[in-house]
Amino acid sequence: MTSLDAPGTAIVTGASSGIGWEYAARLAGRGWGLVLVARRAERLDILAKEALKEGAAGVETLVADLGSPEDLSRVVERASGDDVDLVINNAGINGYGTFAEVNPDLLTRVVSVNVVALTALTRAAVPGMLARGRGAVVNVASLLAFAGDLRPDPLPRRAVYAGTKGYAVTFTRTLAAELAGTPVRVQVVCPGLTAAEFHLGAGDTPVSSPLTGDTPVSGERRVHDEGGMPAADVVTASLAGLEAGEVVCVPGLTDAEAVARLAEAELNLRSGSGGRMAPRYSHGE
């Protein structure tokens, strides 16, 4: 079982801003070695220097677009390394917009980054973690995973994005049940609106640096105007929950029984449909 105070090497995707940056900074302060993954090389270089100052055991940077099969394969190879004890699947893009009007290529990228990459990196890391008897995976989802029937305005138009985050929740919970009794932990984090760069773009290209006059301020992070929970608070809740064995972490949740009621509602739904989960199906059933 991985203790955050017994550091190894952690891979953090989407590390160039927001929640990913905060995970990296927090783990650096606990002496972890870091593999930082993002599209923006200049941001990763700045974060690497800060992480070393904070106490990171070592820092590698991987400039990669997880929507690219070639780039993803490089990160998957690193995630399968025998030193990896923690994977933070934080990278994500939103592709917000009316479903019938959003560019189909952008929606494909949303699924590639939010679902395919998350799954591939988890699969790359978990077998080695099981063999070594320690490890954890944290998947960053969203409260929008639970907002399927809510109309947009003020919520975004989000059919594909919310679907990918629903996948992250179900995948993580189901994998946690499969790994129960092993030393490997998995967690899904479902933050609400977070003060970060995420809403400054749809994800087709990285968020640009702000301008001072006509000159970009290289590496400077931005926050959207809507505000939200500080990214540092999201990470605090996640890491505390991970050490406590919490599978579904909802930062800022005031009703501690809400997740348990969700599981109970699912049980009632399954029971009401015949009282059993059929183990197998044949054609025509």
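In this report, we go over the structure that sits alongside the text. All values derive from a computational prediction rather than experimental measurement. (Residues numbered from 1 in each chain as written. Predicted model: local features only at pLDDT ≥ 70, side-chain atom pairs only at ≥ 80, totals over all residues. Heavy atoms only, no water.)

A count of helical and extended segments in the protein gives 7 helices and 11 strands. Going through the 285 residues of the protein one by one, you find that 45% of them count as buried. Considering only contacts in the protein between residues 6 or more positions apart, those separated by 24 or more positions represent 72%. (Helix = DSSP H or I, 4+ residues; strand = E, 2+ residues; numbered from the N terminus. Buried < 20%, exposed > 50% of the residue type's maximum accessible area, 1.4 Å probe, protein only. Contact = heavy atoms within 4.5 Å.)

One pass over the full model with this rule turns up 10 salt bridges. Glu60 is the salt-bridge partner of Arg78, the closest N and O atoms lying 2.9 Å from each other. With Arg78 in helix α3 (residues 69-79) and Glu60 in strand β3 (residues 58-63), the pair connects residues that are 18 residues apart, well separated along the chain. (Salt bridge = Lys/Arg side-chain N within 4 Å of Asp/Glu carboxyl O.)

Once that is clear, we can look at the nonpolar core. Core analysis: the largest hydrophobic core is formed by 40 residues, its most contacted members being Val37, Leu66, Val75 and Met129. For this core, the secondary structure elements donating two or more residues are β2 (33-38), α3, β4 (84-89), α4 (104-132), α5 (159-178) and β6 (184-189). Sorting elements by how many residues they give to this core places α4 first, with 11 residues. For Met129, the contacting residues outside a window of four places in its chain are Val84, Asp85, Leu86, Val87, Arg134, Gly135, Ala136, Val137 and Val184. In terms of nonpolar packing, the next biggest core, distinct from the first, is built from 31 residues, Val12, Leu86, Val140 and Val235 among them. (Core = buried A, V, L, I, M, F, W, Y, C linked by side-chain atoms within 4.5 Å.)

Compared with the 42 Å implied by 1.5 Å per residue over 29 residues, the 41 Å span of α4 between its first and last C-alpha is a close match. Bending of α4 peaks at approximately 35° at the position of Ser112. Between the side-chain oxygen at the start of α4 and the backbone nitrogen of Asp105 there is a gap of 2.7 Å, and the oxygen is on Asn103. (Expected span 1.5 Å × (residues − 1). Bend = angle between axes of the 7 residues up to and from the residue. Polar contact = N/O pair within 3.5 Å; in protein donor to acceptor, adjacent residues only side chain to side chain.)

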